[in-house]
Every structure is written in structure tokens, then in C-alpha cells.
Amino acid sequence: MPRASAPISLAIVGVGPRGTGVLERIAANLPLVAAGLDVTVHLIDPFPAGAGRIWRAEQSPLLRLNSMAADVTMFTDESSTIDGPIVPGPSLIEWAAQVRSGSIVLPDHARSDAALVGEITALEASSFPTRRLQSVYLDWFHRRAVAALPPSVRTVAHADEAVAVDRWGDGRSEVRLLSGERLVVDTVIFAIGHTGAEPDADAAGLVEFAASADLFYLPPAFTADADLTAIAAGEDVVVRGMGLAGVDLTVLLTEGRGGRYVPDSAGRLEYLQSGNEPHIHLGSRRGVPYRSKVSSQLKADRVTPRFFTAAVAATLEASSDRLSFIDDVWPLIAKELLWGYYGELFAGHTARVLIGWDEFAEAFAPLQWDSADLATLIARAVPDPVDRLDLANLDRPLAGVRFESGEDLQAHLRDHIERDLHLRSAEDHSPTLALFYSLLFSYFDLGGIVDSPKWSARSRVEELGPWWTNFFSYVASGPPAQRLHELLALSRAGVVSFLGADTWVRADAELGHFVAGSPSLDHEVHARALVDARLPVATISASDNPLLRSLLASGAGVEEVLDDGEFRGTTGRLLVSPGDARLIDVTGTPHPSTFAIGPYTSAPFVGAFARPRTNAVSFRENDRVARAALGQLLAAATARMNENDGEGALNPLETHVRLPQGA
Ligand SMILES: Cc1cc2nc3c(=O)[nH]c(=O)nc-3n(C[C@H](O)[C@H](O)[C@H](O)COP(=O)(O)OP(=O)(O)OC[C@H]3O[C@@H](n4cnc5c(N)ncnc54)[C@H](O)[C@@H]3O)c2cc1C
């Protein structure tokens, strides 16, 4: 290990939560892996480092995190199974407490922001913070990560976008920036996160139709970035998507347009219109919003998984030649969900069951989750249908339901949302919390085998990502209860109407309008405006990010294509090597000194901030990548020392060349 090395350089492209997280791991590991390494770290992001694009401070204060303040951390902890050192630090709520106590001092811009200071003062563990507050936490984390770097490391921030990376014959890379600047570096880590997509064929058709008929169409986008000014007050707008993007969009088109909520005489929320709102017609495949966050308490000590645990998953993986999510794993998870739910019902609500837990558990254990025998057992043991968990109905509550009139559909949806809020907040229904835990534990335990090479191509392309992640988000990662109370108020005020399940939209050239409806109801809505309220699908070949497109065009990167003879398809993700996330090129070779992490890569991705003490996947990957990158930098430094007979021939500043744009 060199005491003082030849100067070398690293580029981190994208400095949002993952980019700054990997920087923190570099700081933590450097003294152990590569002490004394003389490194220049180029931090490249057009948005502020730490927060990045999604969490930038410049966004509506109405947009909130979908996580509670106690459930967000940027720090490794005792649960982290990493090779590098654990460097504990405050979760978001602990950070707010330290700001309040004065042990953390906010930067000037945040201190003079009365709304932010007020939010920090009132923040509780169960609060859903604004994205602007998360922005300050991430900015603080980033500054701390930079400060933790040893003196031999310099950081150079570039408020710029990387547009291409060229490989040099000597193993170095040249990162081209939009400004024309070029950085020659030894190692590159891409952490470019959520990127947009060019409209697919359907969306492109709608864009064209909207342009020709003078209509407004917004394809899948990041809601915070969308320009909604063309949606006029009072006009009908069809919104496809009732997940989190749909919630954000509704917030921006209502409260964001000056509406207010006040308590009504029945203790509910009443929406007071500003007059600037459009009339929002909300529809989706399920036709209902995601399930509310749960706020009840368990009566039992804990939920004890049995049918799908980390050990069960590992054994299944080891003993299978081929893994199918739907055939092999989902039946175990479904059974686990029922087990967790009924375990809590029997433990905490004995008056509502007719047999003892031991008898139920013994009869339950050998049965299939969807068997008639299990349905019979449940009907015998749990007399009230409200207490029974029907997974199919949970997933598709409007399946096969038809309504006589629009009023019936609206009333049914309001009942559905009210019932969901009740099930998820009332102490009487604590089994719903157990269901949430069972789903969360299953999600984490599946994480242990999610990068197994044994998954069928269909499972990787269609089941693990789209189906399972969507089901998880719908049941366990829906909006805070407050948002659903607001939705109810908007529905009562007539600002929002529901379209029903399996919503369809037609671009009607004769009428010159969008027409929307659903099989739930014999009714059509005509509208000038249509919004696809969902995040763009991370498909590298359709990405709107020039860097990703250039990686593909040069063959330095490839989209993950899976073909097992029975099924061929693409996940749309950038292919990286399992474990150390090295970029794999068109010949199938992992690049020794280029890494890629985050939601657009083929590595397992948990689409959320780390929860404290859950051995977060992202921390494990950040640590592995930081150590691998440091190893690579050390090798480059050693080679350069040898080449130059111990003299550092390159000045790090010489690796940072400004060329005219377009050169
Ligand atoms: C809208 C939205 C809301 C979310 N809400 C929550 C939530 O409430 N709770 C939760 O736990 N999780 C949430 N998540 C998930 C999670 O927090 C994000 O996945 C997290 O932002 C991922 O971090 P990242 O650094 O990988 O990506 P990003 O946050 O997308 O950061 C990537 C950075 O890379 C930069 N970049 C991209 N291309 C280039 C380039 N060519 N050159 C230079 N820089 C580039 C971007 O500007 C950006 O700053 C949300 C995600 C989204 C998209």
C-alpha cells in the first residue's frame, strides 16, 4: 500500500442519495483499503449534490415524502452486513431532534426559511415530511460525507450533466460534460437514478393527437417537474394512475391551485375550492387508490414469519434449478401474509374467533394459500367476513363489479376508501398491521435471493419487477392517511370523480377529444386534457438521458435481455455484474473501473430510502462498490507510480481539461 500515491481520479456521475451514499462509503473505507491515496473526486450533477434532482429544495412545499420521519436514514448501523466500517448517524427524525437541540446547525438558507424551521420544530417520528425537508437532511449528509474524506482526497463539484464517457486505451475514461468540459479519470461510478423516457408508441400517438387537436397530454413524468399550467380551471382532465404520482398530481391541481381544507361539522375534511381547479377524473387498472399507510398497534408481541423467511428463501434457491416467482415464491409469500394476519387476529382479538390458535395453526400449516380447504377452515374459525383476509379482493376490489350510475360508483369508492382508512387505523383491526409487517418481511427476505441467476426469464422481466413490486407498493407503500382524507373531501366537493377499474382512454379524432371510461360503468368522459400519472419506466434504450443512450450506442453498456428458451424479454435495465455492480459491455465483459448503481441498473433495487436497522440493500451495494472502486484506484495509482518510477507524473488538475462546447 503506497504511503503517498500517484494522483488519480474518480468521477461520481449523479450525486443524489445514492451518489452521495457511495461517497460516504468511500470516506469510511479509504483509510482501511487505500490509506494515503491521492485522489481527486469529481462530483457531477446539474442538481444540488446530496439531494439531487428528485429531492432538490426547489419544489412545491406541498409535496411530501411517502415515508415517516423515523423510517428514513442515510446511515449504516449495527444491522448492516458490510465489510467496511459502520458509521452510525441520525435518521431523519433524530437529525430534526439534533437541529432542535442546537447540536446540528442548519445552513443559512434553511435557517431563514420559516416554513422549514416550523416543520422541523413540529416534526414527529410518524410525520410525513416535506420533500424540501428531506432535501436539507440530504444536503447535510452530503456535506458531512465530504468533510469525512481524508486530506489526501479533494472533491471538485461540477454543476453539469455528463453526456458521454469514452474509454481510453490505458484504462482511463474521459467523461464529457454538457458544458464541453472533459474529465479524464481512472474510475467512474454512475449513480444517475431516476431518468425520464422518450414516449413509447402509445404515448407518442397521444402526443401527436394532442398536438393535432390542440389538446393537452402529459406522458409519464416526474410530477414535480411537470408544467400543468395548460390544464385550465374548471375543465375536465382525465388522470390515469392512482398511485403516488396520481396523488402528487391531484395535490398540485387542487391545494397547489389555492384550495384549502377545513374541518367540517362531522369532523371530516371539507375542501374549499379556489375556483382554479380543473375537474379531475381519476382512473387506473385497479380503479382504487393505493392502500393507506397503517397507524394501528400490534396486540401480539410481534409477527413471527414461518412460511417465507430468509432461511426458507435461501433453501428454496439452493434446492432449485430454476426459480419461478409465481409458481415457487408467491404461494409461500401469500401463505405468510395469511399467517401473519390471522396470527394477530387470534392473539389480539380472541372474541372474534371460534377456535384456539393451536388448532387453527395446525390445520393451516399443510394447506395451500388458495385452497378450498383453507377457505373452509377460515370460514369455520372466523365468523365475521370483515375479519377474513381475501388476497384476491385486496388486490382487485372492483374486479367484476358494475355500477348502475356514476353516483353509485362515486359513493362506492368513498365507502371503499373510508373502510380502508378504518381497517388501517382502528385498533380493532390490528391484523392489518400484521399483514403489513408480513409483506415487508417477505420483501426483505426475498431480497436475499433476488439476484439469483436461477430466476426464469419471465420472472425477472414480468413478475419480480412489475407484478410483485407493484403489489407491494399498493398494499404496503401507499399514501399517508391524510392524503386519502383529502381525496374523500375532493370527491365530496365534486372536484374529483372516479372512473372505475381497467380505465380505458381513446383519442377520438372525430370528436377531437380524449374519451375515457371503464367496464365498471356505462359512462364516458370527454376531456381536453389527459395525464398519465406514473413515473417513466426505466428503460435504457428509451431513456431521455443522453449519457445512457451514449453508453448503449458505444457498446460500453447494454440493456439486460433475458432468454431462457421459454421466454425472452428485457428488464429495460443497464446490465451490471452481480455483487460489485461493474458495468457490463456489449461483449459481456465487466469493465474493471466503471460501476453503476441505482434504480436503472439490473442490480436488486429497493425503491425507497433505507429504514434504520434493516440491513439496507443500498448500503450493502454502496459499500461493495466503494471498496471495489478504491481497490481499482489503488491499482491505478500503483501502476502509475511504477510507470513513473515513483514520481507522480500527473498533476490531478491536469486531468480536468476545459474544451470548447462541441469539441
Ligand atoms: C418521485 C419520487 C418520489 C419518491 N419518494 C420516496 C419516498 O417518499 N420515500 C422513499 O423512501 N423513497 C422514495 N423514492 C425512492 C427513492 O428515494 C429514490 O429512489 C432515490 O431518490 C434514489 O436515489 P438515486 O440517487 O439513485 O436517484 P436520484 O434521486 O434520481 O438521483 C440521481 C441523480 O443523478 C443525476 N443525473 C442523472 N443523469 C445525470 C447525468 N447524465 N449527469 C450528471 N448527473 C446526472 C440527477 O440529476 C440526480 O440528481 C421516490 C422516488 C421518486 C422518483
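What counts, and where the lines are drawn
- Residues numbered from 1 in each chain as written.
- Predicted model: local features only at pLDDT ≥ 70, side-chain atom pairs only at ≥ 80, totals over all residues.
- Heavy atoms only, no water.
- Helix = DSSP H or I, 4+ residues; strand = E, 2+ residues; numbered from the N terminus.
- Polar contact = N/O pair within 3.5 Å; in protein donor to acceptor, adjacent residues only side chain to side chain.
- Contact = heavy atoms within 4.5 Å.
- Axes fitted to C-alpha atoms, helices over the stretch in contact; angles between N-to-C directions.
- Parallel < 35°, antiparallel > 145°, perpendicular 65-115°, else oblique.
- Left-handed = near helix turned anticlockwise from the far one by under 90°.
- Nonpolar A, V, L, I, M, F, W, Y, C, P; charged D, E, K, R; others polar.
- Near = heavy atom within 4 Å.
- Areas by Shrake-Rupley, 256 points an atom, 1.4 Å probe, with all protein chains shown as cover.
- 1 Å grid on protein atoms, 1.4 Å probe; cavity = no way out; pocket = protein on both sides within 12 Å on 5 of 7 lines; lining within 4 Å.
- Points joined across faces, edges and corners; volume = space filled by probe spheres on them.
- Pairing = 2+ DSSP bridges.
- Core = buried A, V, L, I, M, F, W, Y, C linked by side-chain atoms within 4.5 Å.
- Buried < 20%, exposed > 50% of the residue type's maximum accessible area, 1.4 Å probe, protein only.

With respect to the side chain of Asp-623
Here Asp-623 shows up in helix α18 (residues 617-643). In terms of polar contacts, Asp-623 uses its side chain to reach the side chain of Asn-29, at 2.9 Å. Those residues within four positions of Asp-623 in sequence are excluded, and the remaining contacts are Arg-25, Asn-29, Ile-82, Asp-83 and Gly-84.

Quick look at the packing of helix α14 (residues 431-447) against helix α15 (residues 457-476)
The N-to-C vectors of α14 and α15 enclose an angle of 150°; their axes lie 10 Å apart at closest approach. In terms of orientation, α14 and α15 fall into the roughly antiparallel class. As α14 packs across α15, the resulting crossing turns out to be left-handed. On α15, the residues touching Leu-435, Phe-436, Leu-439, Leu-440, Ser-442, Tyr-443 and Leu-446 of α14 are Leu-464, Trp-468, Thr-469, Phe-471, Phe-472, Val-475 and Ala-476. Residue composition of the contact of α14 with α15, by class: 12 nonpolar, two polar and no charged.

Some details on the site of the ligand
Neighbouring residues of the ligand: 32 residues in total, closest Asp-45, Asn-66, Ser-67, His-194 and Phe-609. Here Pro-17 contributes a backbone N or O atom positioned 3.2 Å from an oxygen atom of the ligand. The separation between a nitrogen atom of the ligand and a polar main-chain atom of Ala-162 is 2.9 Å. Within the complex, the protein chains bury 91% of what would otherwise be the 990 Å² of accessible surface of the ligand. Residues that form the shell around the ligand fall into these classes: 18 nonpolar, nine polar and five charged.

Comments concerning empty space enclosed by the protein
Rolled over the atoms, a probe with the dimensions of a water molecule shows which regions are left empty. With the rule as written, the count across this model stands at three cavities of 30 Å³ or more. Put simply, the largest cavity is a space of about 150 Å³. Every residue lining the largest cavity is counted, 16 residues in all, and those nearest its centre are Gly-246, Val-247, Thr-250, Arg-483 and Leu-487. With five residues, helix α16 (residues 481-492) is the single largest residue contributor to the lining of the largest cavity. Each residue belonging to the lining of the largest cavity can be placed in one class, and the counts come to nine nonpolar, four polar and three charged. There is about 50 Å³ of room inside the second largest cavity. Lining the second largest cavity, in full, are Leu-218, Pro-219, Ala-221, Phe-222, Thr-223, Ala-226, Ala-245, Leu-249, Val-531, Asp-532, Ala-533 and Arg-534. Elements with a minimum of two residues in the lining of the second largest cavity: α7 (244-253) and β17 (529-532). Tallied by class, residues from the lining of the second largest cavity come to nine nonpolar, one polar and two charged.

Brief notes about the environment of Asp-451
Within the secondary structure, Asp-451 sits in the loop between α14 and α15. The spatial distance from the C-alpha of Asp-451 to the C-alpha of Ala-603 is 7.0 Å, given a sequence separation of 152 residues.

Considerations on the sheet that holds β17
Taken in spatial order, the five strands line up as β8-β17-β9-β12-β13 in an open sheet, and their pairing is parallel. The sheet is open, and its two edges are formed by β8 (216-218) and β13 (496-500), each paired on a single side. With strand direction ignored, the average angle separating the axes of adjacent strands in the sheet is 20°. Where β8 meets β17, three bridges bridge the pair, whose relative direction is parallel. Bridge assignment links Tyr-217 to a residue of β17, and that residue is Leu-530. Helix-sheet contacts for α16 involve β12 (279-283) and β13, and the interaxial angle to β13 is about 95°.

As for the nonpolar core
Proteins that are soluble and globular tend to have nonpolar side chains buried together. Membership of the largest hydrophobic core comes to 88 residues, with the highest contact counts inside it found for Phe-325, Tyr-342, Phe-360, Leu-446, Trp-468 and Val-531. Looking at which element gives the most residues to this core, the answer is helix α9 (residues 325-348), with 12 residues. By size, the runner-up hydrophobic cluster in this structure holds 55 residues, among which are Ala-11, Val-153, Leu-183 and Ala-626.

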